[in-house]
Number of protein chains: 2
Amino acid sequence: MSQVRINNDEVDIVIGAVQADLTPFLEDWRPFISPFHLIIVQDPDLKGEVKIPGGFNADVYSKSKIDGTVGSSAAALFSGYSCRYFGYLMSRKEYVISIDDDCTPAKDTKGHLVDAIAQHITNLQTPATPFFFNTLYDPFCKGADFVRGYPFSMREGVPCGLSCGLWLNLADYDAPTQALKPDLTNNRYVDAVLTVPVKTFMPVSGINIAFNRELLGPVLFSSFKLEKEGKIRYETMEDIWNGMCVKVIGDHLGIGMKTGLPYVWRKERGSAVESLKKEWQGVNLMEQVLPFFQSLCFSKEATTAEDCVKELAAAVKEHLGQTEPTFARAAEAMLEWLKIWNKNNSAS
Amino acid sequence: MSQVRINNDEVDIVIGAVQADLTPFLEDWRPFISPFHLIIVQDPDLKGEVKIPGGFNADVYSKSKIDGTVGSSAAALFSGYSCRYFGYLMSRKEYVISIDDDCTPAKDTKGHLVDAIAQHITNLQTPATPFFFNTLYDPFCKGADFVRGYPFSMREGVPCGLSCGLWLNLADYDAPTQALKPDLTNNRYVDAVLTVPVKTFMPVSGINIAFNRELLGPVLFSSFKLEKEGKIRYETMEDIWNGMCVKVIGDHLGIGMKTGLPYVWRKERGSAVESLKKEWQGVNLMEQVLPFFQSLCFSKEATTAEDCVKELAAAVKEHLGQTEPTFARAAEAMLEWLKIWNKNNSAS
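Residues numbered from 1 in each chain as written. Chains lettered and ligands numbered in written order. Predicted model: local features only at pLDDT ≥ 70, side-chain atom pairs only at ≥ 80, totals over all residues. Heavy atoms only, no water.

## Looking at the overall build of chain A
Quick note on the threshold: Put simply, DSSP marks the helices as runs of H or I at least four residues long and the strands as runs of E at least two long, and each gets a number from the N terminus on. Partly exposed residues are those whose accessible area sits between 20% and 50% of the maximum for their type, while under 20% is buried and over 50% is exposed, using a 1.4 Å probe and protein chains only. Every residue pair with non-hydrogen atoms within 4.5 Å of one another is taken to be in contact. Surface exposure here means Shrake-Rupley accessible area, sampled with a 1.4 Å probe, where a residue is shielded only by the protein chains that are shown. The charged-residue count follows a simple rule in which Lys and Arg add positive charge and Asp and Glu add negative charge, with His and chain termini not counted at all. By convention, the charge on Lys lies at NZ, on Arg at CZ, on Asp at CG and on Glu at CD.
Within chain A, the secondary structure is distributed over 11 helices and 9 strands. The C-alpha extent of chain A, read off along each of the three principal axes, is 55 × 50 × 50 Å. Residue burial in chain A is summarised as follows: out of 348 residues, 60% are buried. Long-range pairs, those at least 24 residues apart, make up 77% of the contacts in chain A between residues at least 6 apart in sequence. Element-wise, carbon and sulfur atoms account for 52% of the exposed surface of chain A, whose accessible area totals about 13,200 Å². Side chains of chain A give 35 positive and 43 negative charges; the mean places of these two sets differ by 1 Å.

So, in structure tokens, the structure goes:
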């Protein structure tokens, strides 16, 4: 239905650098991201200085800057893929977009390069419709609308807080799936955006996402680290956990979440078979996590994202933390993040 | 992931004839439907004999046959678009597919004609995944799988009971939307099938659907008729209502529902502006219907589709029927349908 206007000053693009040379990555994305302010956060475990080509408006944060801002004990929260969360902390904009540094722009079915930035902002600036499913997908996309039978009282929708994009070529499969089917790539370009319905959970991937920082800033942090978490997506659950937190809090606050477009093209990194050899906690933990989130209720007093994170941390500690130290640490990390968030946001 | 094999003897294609000459419609569909048994039901209000070209394995049911089977008083249940439900009653197959007679085969993005029959059967024969959302859409489609983070314990899925296809060209908008935007057509081919999550409701359209008769046969009946229901889709709610019934019962019984592919090409019929001139109950009634279905709970004793229809009819009578005679009539019609269904199915 509607079209949006993008104000470049309202957007930060956060890149977590887990590889040292960002030149190929940034050159691929230049046509779409050069008009925006970039926040580049270097994985604290990465030695040396990250390489960035000229012509970008970028602030770069390395280990010393992270330590200086949050203290060296808290800096451990920002290792590996989690370095991006330090970028979320540094942003002062309404919209934050983050894309993994092994992705390049995808092509649509007509062969045109996809402007993932514009699509994410469109997703966030148009309402979400979590309370009833529209079979014609996002009714606020150009050329779409609400289908016959959609209640008129629900057509205004609610604010959209999170936009989850997808991946062509190497899709975001887990290590067992990719190891079993090494040739399985994703070639299907599904030309749709849709709101994930209320009370429906999904695995949010951090590879290609955007969010409204003013609505959900305090929630977008991954407190959850597997004991042997590695530097490849197969070996992490941090974004999956955070997605569950965002969804349950968004549902409570009446903030929607969209999935679908934009696609990025994802190149291979890491070996699924090697990842399988490690002892991996992810599979079993996920089985405990879902029933916990499905049964979670917030109090009426929880009216902000921050209130909800506090209640969520307490519930994680009580219901999950007793049996499994990974969860207990997650609860502590959530509260620590809130402190850092508030200190940093009040200081600015 | 998986591929299905279609057994032609397990499928009935039901066509509700609301126009007298089915020749163009059947010729358009011949390559896809000629291997199957057709059940053609003539709208009882339609005078004369419906015209059907040679070369089809078809049983045709006109008013006199409907009267002879269910009695002339019950025959009123099967007027207009509802004539298809008489075809559902006559079927003895596992899968029933029904497409409105103003639709022709659509073309996909590569310009190939879409075999809607094969796609519907694939949707029904592969599991549905209503308890967690897969961001890569139906994991049982060719070339797809479960995304990282999808709980392994949920990957078997549940049986799929209903497959809802979509429409290109004239999408299924309501009269106000189409009247406001007369040029709005649907040109977006979304190459996806997805399971509608549990407890999520959607407007099911009867234009292009398929279902598993053995799982849901007693539910697939539209008891709900607007007082001034017409012969064009704008003026009906029968399928929307029935879709809510199917979804709430499927959720209770652990039977899934898919939406998306296959598309059909829908030609114009009727004037949205003319439809708007009629007094139309649909908008207001829908606002009452959704909260009712959202709060509905079945007893543990309701373990079959038939049990659920009985409980649903009682709840409709009690909670909706007091204020609005349309609902009271719907409750009665549901029970009447059950009687007809049981009599007809036990007789055969």
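## Comments concerning the interface of chain B and chain A
The line we're drawing: Accessible surface is computed with a 1.4 Å probe, and the buried area is the amount of it that two parts give up when combined, taken over both parts together. When a carboxyl oxygen of Asp or Glu is within 4 Å of a side-chain nitrogen of Lys or Arg, the pair counts as a salt bridge.
In this complex, chain B contributes 60 residues to the contact, which on the side of chain A involves 60 residues. For the pair chain B and chain A, the summed buried area comes to about 5,000 Å², and 60% of that belongs to carbon and sulfur atoms. Where chain B touches chain A, the interface holds 10 salt bridges. With a closest N to O distance of 3.4 Å, Asp191 of chain A and Arg188 of chain B form a salt bridge. If you list the elements that add at least two residues to the side of chain B that touches chain A, you get strand E6 (160-169), helix H5 (175-180), helix H7 (238-253), strand E9 (256-266) and helix H9 (282-295) of chain B.

## A few points about the relation of the copies chain B and chain A
Heads up, the rule is: Copies overlap after least-squares fitting; the atoms used are the C-alpha atoms of residues with pLDDT of at least 70 in both.
You can overlay chain B on chain A at an RMSD of 0.0 Å; the transform is a turn of 180° with a shift of 0.0 Å along its axis. Such values leave the two copies arranged in the relation of a two-fold axis. Looking at the rotation axis and the C-alpha trace of chain B, the residue lying nearest is Val190 of chain B, at 2.7 Å. A high fraction, 100%, of the interface residues of chain B reappear at the interface in chain A, so the copies pair face to face through one surface.

## Examining the packing of H7 of chain B against H9 of chain B
Residues and elements named next belong to chain B. Rule in force here: Think of each axis as a best-fit line through the C-alpha atoms, taken over the contacting stretch in the case of a helix, with angles from 0 to 180 degrees between the N-to-C directions. An angle counts as roughly parallel when it lies under 35 degrees, as roughly antiparallel when it exceeds 145, as roughly perpendicular when it falls between 65 and 115, and as oblique in every other case. All residues other than Ala, Val, Leu, Ile, Met, Phe, Trp, Tyr, Cys, Pro, Asp, Glu, Lys and Arg, Gly among them, are scored as polar; the first ten of these are nonpolar and the last four charged.
Two numbers describe how H7 lies on H9: the axes approach to 11 Å, and their chain directions differ by 5°. Regarding the angle of H7 to H9, the classification is roughly parallel. Contact residues: Ile240, Trp241, Met244, Cys245 and Val248 in H7; Met286, Val289, Leu290 and Phe293 in H9. Taken together, the residues of the contact of H7 with H9 break down into 9 nonpolar, no polar and no charged.

## A look at the nonpolar core
Defined as follows: To form a nonpolar core, buried Ala, Val, Leu, Ile, Met, Phe, Trp, Tyr and Cys residues must be joined to one another through side-chain atoms within 4.5 Å.
Of all hydrophobic cores here, the largest spans 242 residues; its most connected members are Trp241, Phe293 and Leu312 of chain A together with Trp241, Phe293 and Leu312 of chain B. Discounting residues that sit within four places of it in the chain, Leu312 of chain A has contacts with Cys245, Ile249, Phe292, Phe293, Leu296, Phe298 and Met334 of chain A.

## Observations concerning the pattern of salt bridges
As a working rule, side chains carrying opposite charge can pair if their charged atoms are close by. Across all of its chains, the model carries 30 salt bridges over all chains by this definition. For Arg233 of chain A, the salt bridge is made with Asp239 of chain A, and the minimal N-O distance between the two is 3.1 Å. Each member of the pair, Arg233 of chain A as well as Asp239 of chain A, is classed as buried. Its salt-bridge partner being Asp251 of chain B, residue Lys247 of chain B comes within 2.9 Å of it at the nearest N-O pair. Here Lys247 of chain B pairs with Asp251 of chain B, and both are found in helix H7, just 4 residues apart, close to one helical turn. Residues participating in the shared-partner salt-bridge network are Arg84, Asp100, Asp172, Arg233, Glu238 and Asp239 of chain A together with Arg148 of chain B.

## A short note on the environment of Phe292 of chain B
Residue and element names in this part refer to chain B. Within the fold, Phe292 resides in helix H9. When the C-alpha atoms of Phe292 and Leu216 are compared, they prove to be 21 Å apart, with 76 residues separating the residues in sequence. Setting aside chain neighbours within four positions, we find Phe292 in contact with Leu312, Ala315, Val316, His319 and Leu320.

## Comments concerning the domain arrangement of chain A
All names here are of chain A. Put simply, the rule is: An automatic or database domain assignment is the source of the domain bounds shown. In protein, a polar contact requires one atom able to donate a hydrogen and another able to accept it; more generally it is a pair of N or O atoms within 3.5 Å, and residues adjacent in sequence count only if both atoms are side-chain atoms.
Once the domains are mapped, chain A shows domain 1 (9-101) and domain 2 (102-290). Computed from C-alpha atoms alone, the centre-to-centre distance between domain 1 and domain 2 is 20 Å. The partner domain 2 presents 35 residues to the 34 residues of domain 1 that form the contact. Three residues stand out in domain 1 for area buried against domain 2, namely Phe32, Tyr81 and Tyr85, and they jointly supply 23% of the buried area on that side. At the surface where domain 1 touches domain 2, the tally comes to 1 salt bridge. Between Arg233 and Asp100 there is a salt bridge; the shortest N-O distance is 2.8 Å. Here domain 1 is connected to domain 2 by 14 residue pairs in polar contact (both at pLDDT 80 or more). Contributions of two or more residues to the side of domain 1 that touches domain 2 are made by strand E1 (11-17), helix H1 (23-33), helix H3 (83-90) and strand E4 (95-99).

## Quick notes on helix H7 (residues 238-253) of chain A
Three or four residues apart is the spacing at which side chains of an α-helix point the same way, because the helix has 3.6 residues per turn. All names here are of chain A. Quick note on the threshold: The length a helix should cover is 1.5 Å for every residue beyond the first.
Taking 1.5 Å as the rise per residue, H7 with 16 residues should run 22 Å; its terminal C-alpha atoms sit 23 Å apart, in good agreement. Along H7, 13 of the 16 residues are buried, which leaves the element largely enclosed by surrounding structure. Remark: Gly254 follows H7 within two positions and exhibits a positive phi of approximately 75°.

## Looking at the environment of Gln288 of chain B
Residues and elements named next belong to chain B. The residue Gln288 is located in helix H9 in this model. Overall, the relative accessible area of 33% leaves Gln288 in the partly exposed class. Along the primary structure Gln288 and Met257 are separated by 31 residues, whereas in three dimensions their C-alpha atoms are 23 Å apart. When near neighbours in sequence (up to four residues on either side) are disregarded, Gln288 contacts Leu320, Thr323 and Phe327.

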